[in-house]
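Chain residues, written in single-letter form:
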Amino acid sequence: MKKWIKWMKPITLVVIAICIIIFGNVRKNVLDEIQLVTAVGYDYIDEQTATMTAVTPVFRSDASIENKTLSITANLGKEALIALNRESSANLANAKLEVALFNKEMAKRGILHMIDTLHRDPNIGTSLSLAVTEGVTKEILNQSFGTRDTGHYIASLLEHNTQNGSIPNNSLHYFLSAYYTKGKDPFLPLLKLTDREITLTGLALFKKDRMVFELDRSHLFTFNTLYGKNRFPGMKVQIGDKFVAMRVITSNRRISIRNTQTTPEITIYLNIRASISEFSGKHLKPQHVSQTEHALKKQVSQQGHQLIRKFQQLGIDPLGLGDHVRSHTRNWDFKTWQKQYPRVKVRIVPRVNIVEIGVVDGLD
Amino acid sequence: MIIRREGVTGIRRPRKNKQETAEPPSTWAEPFWERGDFTHTHHANATHPYWITHITSLVDTEVLHRDILPYLNKLSFPTLQEVESVLPIEEKEITDDPEKIKDLLLRGYVWIRFSDRVLEGVLARAELDKSRAVSIPQEEFSVVGPKESFVESLTTNLNMVRKRLPIKELQLQELTVGTYSKTKVAVLYIDGVANEENVNTVLQRIKAIKFYQILDSSYISQLITDNSNSIFPQMLDTERPERVAAVLAEGSIVIMVDGSPHALIAPTTLVEFFSAFEDYFINWQMASFFRIVRLFSVLFSILITPIYVAVVTYHYALIPTDLMVTLVTSRSIVPFPPILEAMILELTIELLREAGARLPTKVGQTIGIVGGIVIGTASVQAGLTSNVLLIFVALAALASFTTPVYRMGNAIRLLRFPFLLFAQLWGLIGVAIAFIFVMGHLLRLTSLGRPYLEPIYPLRLKDLRDSFIRLPFNTQSHCPAYLQTQDKQRFTPPWRQKPRDIDE
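Residues numbered from 1 in each chain as written. Chains lettered and ligands numbered in written order. Predicted model: local features only at pLDDT ≥ 70, side-chain atom pairs only at ≥ 80, totals over all residues. Heavy atoms only, no water.

Under the annotation held in an unreviewed UniProt entry, chain B carries the name GerA spore germination protein and is attributed to Laceyella sediminis. Under the UniProt heading Sequence similarities (unreviewed entry), the note attached to chain B is "Belongs to the GerABKA family." (UniProt positions renumbered as here; feature names shortened; annotations may be inferred.)

Chain A goes by Spore germination protein in an unreviewed UniProt entry, where it is assigned to Laceyella sediminis. Its UniProt record gives chain A the following Sequence similarities (unreviewed entry) comment, quoted word for word: "Belongs to the GerABKC lipoprotein family." Recorded in UniProt for chain A, the comment headed Subcellular location (unreviewed entry) runs: "Membrane".

This is how it looks when you write it as structure tokens:
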């Protein structure tokens, strides 16, 4: 009896260890036995069905990547990704999803249920890039861009354009934040496939989850400046018959609000600092600089008023003016604001400062 | 027949036999005659004839011929007392206790009698104490600083320590351990600094050892350690005399064993194992940097392969996109699951290390080259392992060598395998679980009853200045708190000293 008790402890430990090893196994996702999905695209077919395209990179032994696309036309169920598994040789894994594209038709009819699928999945982070495309996403995703993985290519295209300030910050996180914030509406970058290359053509502005307006590239600078603190890679203005190109434009905004209870009056003060990088004339004289400042001021002011009028007509608020007013108003009511918004007076006061003109006056 | 067995085997099995004392003296010595190195000679030519009995292999013949025989030959009407007083040897005595005589003979004493009929005689020490010359440290090598290391002789080792601590407070307690080996064990501490409780614990534990043979200090370390089931060494062993002197001054207790070139330091903490003694020879900024590097390399060494296995098996989402291509292409040709691949490589490295350690230096180098270059490259080309993992395993092996104490390096080698197993089972959660187990174990571990994880837990902010980083000497005015020393202050810190300005 005593001997038996002495062996109890080790035996129990061994039994527990065996149990853990045999029954404790959890589902494995071995790296080389799964197929990573790096990009998905949704194309509208009709109210109930959509085509879903997934791009999976196939890694070759010489470290080059071949993109393989799988697509399925199905009822817009939440498990579309699982349905795609029927086409793939290995289990599809979505934790490396980098970009989700929606075609314009889809975006115009609402993308919330797809966003919901993406948001609900714990494997997918909110740093996922979203974009609206002109044309069918399947075509874009079928295109190979060099030896790189398509999903990563599109994501880095959007990322670097966000970083250098061409478009404001955007990702699933920003989309959801704008979507759920009262007094703010989301926007997504707009992509287009031209000549086998993807280009950023502007922004798609949303009302709730439906795309209602397309912001052209020519208005991006104004929109960015109005949106908030920003740096812009470069732009061009015309003074007389000459052109001035500017780079590293930094700007910040300050909003002042009056009359919040009756008809709010919003003044947006903009402070833009730029440096001249190119001048088409012979000599850059001081008056050219002041002319440039003036031209830029005028452009921002004009385009800004135009844009805001348009937003007010459409009843969208991508600049988040409502949210700003909310943060400065006691007992702010969203419904009242919605009624007030189309009639809100918005004044834009830009201040432009050319801080640098380069190392030469001009070349003869 | 019976007598013979008594004598010959008596050396190996020293059990007390009552019958022995009753035997007449002549027959008592007889059994030794059977031994080749036992001499029993009658010097009849001397003025006064005498008998000399000793074991030649234990006695330094030079001492015998220079310091004993000339003096004995000169004596005319000697008594034993006169013999004792005339011999220029410090350790000598007159006795007729057969047990004692036998014991002393076996320790290299020479037994001088005037008649072989009586037991009473003078026993004079002429022990042969030959050891290898003091050489440079092999295990704890350092680029700068002293290059002396302990040897196999306790006397030499003690000399090296005493030389560095010429103070009367340095206490030495000598004990004999091992029923067969009768090994001399010395316990050193500085009176007035070392905690008495610690000293008593060490002495008590050593006295309580019931073991037949003590061949090295590691025997003692295993026998008196707090938790003998732990893979973490709870006593620091060092072969550097200056390290011993340093820790003695801090208030630690040092155990030295005859025949062992390693001294044991206790109590100690986990952090001590990652500080090389060289850290005290270089600038404190550099020393701190190297200590941090060592600590990171230990963590790296333990965790990198388990994390690889966990990530590749479960958490592919953690891999950066740019690294994905490299990882997938290197993995795609490997036919094994990540755990098997990792196991194969880890075991290969262990094989190489073991083979390198067992073989003579010159062959060992060849093994290293064969293993590192040929097997590594070939196994990747054959598609048995991925080259990314090969890099990780090689780096982990390299990182584990940065541990200054070899025993701790061994513990780290072993620790990787349970981590690997858990990584395979539950991914990073498994690694975390394994880490919790190790942490729990370390928290419970003690060294001479003092917490092993100090100064992290219990948190002793004062001790942190000589643990992960080493602050300059003028901040190290106090003994480490975990040693609970009697005299806490080693010197007056500069800011407490009286300014020695001329202006004053």
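Looking only at helices and strands, chain B features 16 helices and twelve strands. Compactness check: chain B gives a C-alpha radius of gyration of 30 Å against a globular reference of 23 Å for 504 residues, more than 25% above the reference. Counting only C-alpha atoms and orienting by the principal axes, one finds that chain B spans roughly 100 × 75 × 40 Å. Residue burial in chain B is summarised as follows: out of 504 residues, 47% are buried. Across chain B, the fraction of contacts at a sequence separation of at least 24, relative to all contacts at a separation of at least 6, is 63%. As displayed, chain B has an accessible area near 25500 Å², and 60% of this comes from carbon and sulfur atoms. Of note, chain B has its 51 positive side-chain charges centred 3 Å away from the centre of its 53 negative side-chain charges. (Helix = DSSP H or I, 4+ residues; strand = E, 2+ residues; numbered from the N terminus. Rg over C-alpha atoms; globule rule 2.2 N^0.38 Å. Buried < 20%, exposed > 50% of the residue type's maximum accessible area, 1.4 Å probe, protein only. Contact = heavy atoms within 4.5 Å. Areas by Shrake-Rupley, 256 points an atom, 1.4 Å probe, with all protein chains shown as cover. Lys, Arg positive; Asp, Glu negative; His and termini not counted. Charge placed at Lys NZ, Arg CZ, Asp CG, Glu CD.)

Attention now moves to the interface of chain A and chain B. Residue-level contacts link 24 residues of chain A with 21 residues of chain B. Across the chain A to chain B interface the summed buried area is about 2000 Å²; carbon plus sulfur atoms make up 71%. Of all residues in chain A, Leu31(A), Phe59(A) and Lys96(A) give up the largest surface area on contact with chain B, accounting jointly for 31% of the area buried on that side. At the surface where chain A touches chain B, the tally comes to one salt bridge. We note a salt bridge from Asp32(A) to Arg331(B), for which the minimum N-O separation is 3.4 Å. Counting across the interface, chain A meets chain B through twelve residue pairs in polar contact (both at pLDDT 80 or more). Among the secondary structure elements, those contributing two or more residues to the side of chain A that touches chain B are helix H2 (8–23) and strand E1 (34–36) of chain A. The residue makeup of the side of chain A that touches chain B, split by class, is twelve nonpolar, six polar and six charged. (Buried area = accessible area lost by both parts, 1.4 Å probe. Salt bridge = Lys/Arg side-chain N within 4 Å of Asp/Glu carboxyl O. Polar contact = N/O pair within 3.5 Å; in protein donor to acceptor, adjacent residues only side chain to side chain. Nonpolar A, V, L, I, M, F, W, Y, C, P; charged D, E, K, R; others polar.)

If the charged atoms of two oppositely charged side chains come close together, the side chains can form a pair. All names here are of chain A. Using the criterion set out here, one finds 33 salt bridges over all chains in the structure. In this structure, aspartate 241 engages lysine 242 in a salt bridge whose closest nitrogen and oxygen atoms are separated by 3.7 Å. Its relative accessible area of 61% is what places aspartate 241 among the exposed residues. Judged by its relative accessible area of 26%, lysine 242 is partly exposed.

Residues and elements named next belong to chain A. For helix H7 (residues 150–163), built from 14 residues, the straight-helix expectation of 20 Å at 1.5 Å per residue is met to within 8% by its first-to-last C-alpha distance of 20 Å. Summarising burial for H7: eleven of the 14 residues are buried, a large majority. The N-cap of H7, judged by a side-chain oxygen 3.1 Å from the amide nitrogen of glycine 151 a few residues on, is aspartate 149. Positive phi shows up at glycine 165, right after H7, with a value of about 95°. (Expected span 1.5 Å × (residues − 1).)

This part covers the UniProt feature "transmembrane region" (unreviewed entry) in chain B. Per the UniProt record, "transmembrane region" (unreviewed entry) is found at residues 292–314, 364–382, 388–407 and 419–443 of chain B. The distance separating the terminal C-alpha atoms of residues 419–443 of chain B is 18 Å; by composition the span is 100% helix and 0% strand.

Residues and elements named next belong to chain A. In terms of burial, strand E9 (residues 197–207) is largely enclosed, as eight of its eleven residues are buried. Where strand E8 (residues 187–194) folds back on E9, the antiparallel hairpin that results is connected by two residues, among which aspartate 195 adopts a positive phi of roughly 55°. Across six bridges, E9 lies against strand E10 (residues 210–216) in antiparallel orientation. Bridge pairing links alanine 204 to glutamate 214 in E10. (Pairing = 2+ DSSP bridges.)

All names here are of chain B. Two elements in contact, helix H13 (residues 338–358) and helix H16 (residues 406–444), have axes whose closest approach is 11 Å; the angle formed by their N-to-C orientations is 175°. For the element pair H13 / H16, the angle class is roughly antiparallel. Packed against H13, whose contacting residues are Ile339, Ala342, Met343, Glu346, Leu347, Glu350, Arg353 and Glu354, the element H16 presents Arg413, Arg416, Phe417, Leu420 and Gln424 at the interface. When the residues that make up the contact of H13 with H16 are grouped by side-chain class, the tally is six nonpolar, one polar and six charged. (Axes fitted to C-alpha atoms, helices over the stretch in contact; angles between N-to-C directions. Parallel < 35°, antiparallel > 145°, perpendicular 65-115°, else oblique.)

Let's shift gears to the pairing of strand E2 (residues 39–44) of chain A. Residue and element names in this part refer to chain A. Burial of E2 is extensive: five of the six residues sit out of reach of the surface. Relative to strand E6 (residues 99–103), E2 runs parallel, the two sharing four bridges. Note on E6: the bridge partner recorded for alanine 39 is valine 99. Summarising the sheet, E2 and strand E3 (residues 49–59) pair through six bridges and their orientation is antiparallel. Pairing of tyrosine 44 across the sheet is with alanine 50, part of E3. In textbook terms, the turn of a hairpin is the stretch between consecutive antiparallel strands, and for E2 and E3 this stretch comprises four residues.

We now examine the sheet that holds E8(A). Residues and elements named next belong to chain A. One open sheet holds the eight strands; their spatial order is E4-E3-E2-E6-E7-E8-E9-E10, and the pairing between them is mixed. Either end of the sheet is taken by a strand with one partner, and the two such strands are strand E4 (65–75) and E10. Going across the sheet, the axis of each strand differs from the next one's by a mean of 30°, ignoring polarity. In this fold helix H5 (residues 112–120) packs onto E2, E6 and strand E7 (129–134), with an angle of close to 170° to the strand it touches most, E6. Sheet contacts for helix H9 (residues 220–227): E8, E9 and E10; angle to E9, the most-contacted strand, approximately 50°.

A separate point is the sheet that holds strand E12 (residues 242–258) of chain A. The strands that make up a sheet pair up through hydrogen bonds in the backbone, lying either parallel or antiparallel. Residues and elements named next belong to chain A. On the basis of which strands lie adjacent, the open sheet formed by four strands has the order E11-E12-E13-E14 and mixed pairing. One side of each edge strand has no neighbouring strand; the edge strands of this open sheet are strand E11 (230–239) and strand E14 (345–356). Neighbour-to-neighbour, the strand axes of this sheet turn through a mean angle of 35°, independent of strand direction. Bridge count between E11 and E12: nine bridges; the pairing is antiparallel.

This next bit is on the environment of Gly322(A). Residues and elements named next belong to chain A. If you trace the backbone, glycine 322 turns up in helix H11 (residues 321–327). It is 39 Å that separates the C-alpha atoms of glycine 322 and alanine 74, two residues lying 248 residues apart in sequence. Not counting residues within four places of it along the chain, the set of residues in contact with glycine 322 comprises Gly183, Asp317, Trp332 and Trp337.

Another point: the domain arrangement of chain A. All names here are of chain A. Along its sequence, chain A is organised into domain 1 (1–216) and domain 2 (228–358). Using C-alpha coordinates to define each centre, domain 1 is positioned 35 Å away from domain 2. Between domain 1 and domain 2 lies a buried interface of about 1400 Å² when both sides are counted; carbon and sulfur atoms form 66% of it. Summed over the three residues of domain 1 that lose the most area to domain 2, namely Lys182, Gly183 and Phe213, the buried surface amounts to 32% of that side. Along the contact surface separating domain 1 from domain 2 lie zero salt bridges. Within the residue set of the side of domain 1 that touches domain 2, elements represented by two or more residues are E9 and E10. (Domains from an automatic or database assignment.)

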